[in-house]
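One letter stands for each residue in the lines below.
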Amino acid sequence: MKFKVGTLILAFVLLALFGCGEKPAGSQSSSRLLMGTLMTITLWSQEGETSRSAAAMQSAFGEMERIEKVMSSHLNTSAVGRINQAPRGQWHPLEEEVYHVLAESLRIAKLSQGAFEAGLWPLTNLWGFSREPPATAPPEMAKIESWRKGYPLGTAIQIRGETGGRQILLANEYVGLDLGAIAKGYAVDRALDHLAVLGFTNAIVNAGGNLGVNGSKGGTPWRIGIQHPRESQGVVAEVSLQKRMGLVTSGDYERFFMHEGKRYHHILDPQSGMPTANGVVSVTIQHPKAMTADALSTAAFVLGLDKGLELIRQEPGASALFILEDGRQVASGGFSYRWLGGGQ
Ligand code: AMP
Ligand code: MG
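Residues numbered from 1 in each chain as written. Chains lettered and ligands numbered in written order. Predicted model: local features only at pLDDT ≥ 70, side-chain atom pairs only at ≥ 80, totals over all residues. Heavy atoms only, no water.

**So, the packing of aromatic side chains**
As enumerated under the stated definition, the model contains 7 aromatic pairs in all. Taking 5.3 Å as the distance between ring centres and 25° as the angle between the ring planes, the aromatic pair formed by Phe 257 and Tyr 264 counts as stacked. In this structure, Phe 257 and Tyr 264 share a single accessibility class: buried. Judged by centre distance (6.5 Å) and plane angle (90°), the rings of Tyr 337 and Trp 339 are edge-to-face. Under the relative-accessibility criterion, Tyr 337 is labelled partly exposed at 27%. For Trp 339, a relative accessible area of 26% translates into the label partly exposed. Ring pairing ties together the aromatic residues Trp 127, Phe 129, Phe 257 and Tyr 264, which thus form one cluster. Against the face of Tyr 264 rests Lys 262, its NZ or CZ located 4.9 Å from the ring centre. (Phe/Tyr/Trp six-rings, centres within 6.5 Å; stacked < 30°, edge-to-face > 60°. Buried < 20%, exposed > 50% of the residue type's maximum accessible area, 1.4 Å probe, protein only. Lys NZ or Arg CZ within 6 Å of the ring centre and 35° of its normal.)

Below, the structure is given as structure tokens:
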């Protein structure tokens, strides 16, 4: 009888602790398709926090969904979609949040001497990598050529004004906003901020290889795998992080098609209008801001190894890992990682 009472008390205590879905301290993950990619949030939660952490993850997804509705070029109703439908050569009102992301885009465009351009929507549409269904063959080269002649590199996008009165001007019809190389990083930053405000400062937000981490996994560093560029399930390197950091990869394997034995991928060289072909297959950038890491990963990919490393050296707090077609990997100073081997 005594044993039975003891068991009952123990069962009661366990129920009180975990009965409402509560689990011991540990990590929890949740995924959603957003911004054209699989988004996964992982949280480390303390004992008794797990039901609150599920709600926090949903709320952070809500924040990223809101950003998608503002920044997606695919949605005619988004702030970016509306700008793309407005007449060229005229000033139009610009939302503060889009201004913020565009200001960073223009800074990286300048720093990379036009390797990063936020105005490539007409070109990315010609290539159709994010079309549904995606393109399977290159567009007519005459169309690329007329785009190349028409796109005013360096003066395609202008922004001006103070808070509350921001404005944008797109130079001509060869220019349209495409924030695909920076908006996911921005969304990751915002989701991490959002989780921190809700009390969750130990988290990973992964937007299809555009990733941000905060804190640690219960005191031990988060371990992040860098995707193998030629094996979809493979990991080539591992990075350990235990502070707020963005870790973003641009790769030629993310969106591509093979045509007559040649790979055509989504990271376009604004100089030529063609997929970048310089021997780089992926670039991973570490930077405290995932937004900046995102823009830099695309820019460094387009610039290639030497100029890409030069770019990274110019940006305080940034470091990079390049993976090359010939299987070599080259890291800038400050990028600490464990190579797991494989290459291609
Ligand atoms: P990411 O995966 O961050 O490197 O971004 C690639 C996406 O950004 C593409 O799918 C395009 O929508 C867009 N993009 C392609 N090339 C560039 C470029 N040179 N500069 C800025 N955005 C680009
Ligand atoms: Mg990018």
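**Some remarks on the pairing of strand β5 (residues 167-170)**
Where strand β3 (residues 92-93) lies against β5, 2 bridges are found, and the strand directions are antiparallel. Of the residues in β5, the one forming a bridge with Pro 93 is Gln 167. By the bridge criterion, 4 bridges tie strand β4 (residues 157-160) to β5 in an arrangement that is antiparallel. The residue bridging Gln 158 from the neighbouring strand is Leu 169, located in β5. (Pairing = 2+ DSSP bridges. Helix = DSSP H or I, 4+ residues; strand = E, 2+ residues; numbered from the N terminus.)

**Here's the deal with the sheet that holds strand β1 (residues 26-34)**
Strand order in the open sheet formed by 8 strands is β1-β2-β6-β7-β10-β15-β16-β17, and the pairing between neighbours is antiparallel. Of all strands in the sheet, those bounded by a partner on one side alone are β1 and β17 (329-331). Ignoring strand direction, the axes of neighbouring strands in this sheet form an average angle of 10°. Taken together, the 6 bridges between strand β15 (residues 280-287) and strand β16 (residues 319-324) define a ladder with antiparallel strand orientation. Paired with Val 283 across the two strands is Phe 322, which belongs to β16. (Axes fitted to C-alpha atoms, helices over the stretch in contact; angles between N-to-C directions.)

**Re the sheet that holds strand β18 (residues 338-339)**
If you walk across this open sheet you meet the 3 strands as β8-β9-β18, and the pairing is antiparallel. At either end of the open sheet lies a strand with only one pairing partner, and these are β8 (222-227) and β18. The pairing of β8 with strand β9 (residues 235-241) spans 6 bridges and is antiparallel. Pairing of Ile 224 across the sheet is with Val 239, part of β9.

**Observations regarding the packing of helix α2 (residues 50-71) against helix α4 (residues 96-111)**
The contact between α2 and α4 brings their axes to 10 Å, and the two run at 80°. The orientation of α2 with respect to α4, classified from their angle, is roughly perpendicular. Mapping the contact onto sequence places Arg 66, Ile 67, Val 70 and Met 71 in α2 and Glu 97, Val 98 and Val 101 in α4. Residues that form the contact of α2 with α4 fall into these classes: 5 nonpolar, no polar and 2 charged. (Parallel < 35°, antiparallel > 145°, perpendicular 65-115°, else oblique. Contact = heavy atoms within 4.5 Å. Nonpolar A, V, L, I, M, F, W, Y, C, P; charged D, E, K, R; others polar.)

**Here's the deal with the pattern of salt bridges**
Tallying each qualifying case throughout the model produces 20 salt bridges. Across the pair Arg 66 and Glu 63 runs a salt bridge whose closest N-O atoms are separated by 3.1 Å. Taken together, the residues Arg 66 and Glu 63, both in helix α2 and 3 residues apart, mark about one turn of the helix. Taking relative accessible area as the criterion, Arg 66 reaches 32% and is therefore assigned partly exposed. A relative accessible area of 10% places Glu 63 in the buried class. For the salt bridge of Arg 190 with Glu 97, the shortest nitrogen-to-oxygen distance reads 3.6 Å. In this pair, Arg 190 is assigned in helix α7 (residues 183-197) and Glu 97 in helix α4, connecting sequence segments 93 residues apart. Salt bridges sharing partners connect three or more residues here, namely Glu 63, Arg 66, Glu 97 and Arg 190. (Salt bridge = Lys/Arg side-chain N within 4 Å of Asp/Glu carboxyl O.)

**Observations concerning the site of ligand 1**
Around ligand 1 sit 17 residues in total, of which Ala 115, Asp 178, Ser 250, Leu 268 and Thr 298 are the nearest. Here an oxygen atom of ligand 1 and a side-chain polar atom of His 266 are 3.0 Å apart. When the free accessible area of ligand 1 is taken as 500 Å², the share hidden by the protein chains comes to 93%. Of the residues belonging to the shell around ligand 1, the class tally is 8 nonpolar, 5 polar and 4 charged. (Near = heavy atom within 4 Å. Polar contact = N/O pair within 3.5 Å; in protein donor to acceptor, adjacent residues only side chain to side chain. Areas by Shrake-Rupley, 256 points an atom, 1.4 Å probe, with all protein chains shown as cover.)

**Considering the side chain of Thr 37**
Mapping Thr 37 onto the fold places it in strand β2 (residues 37-45). Here Thr 37 falls in the buried class, since its relative accessible area comes to 15%. If we ignore the near neighbours within four places in the chain, the residues touching Thr 37 are Arg 32, Lys 184, Ala 207 and Gly 208.

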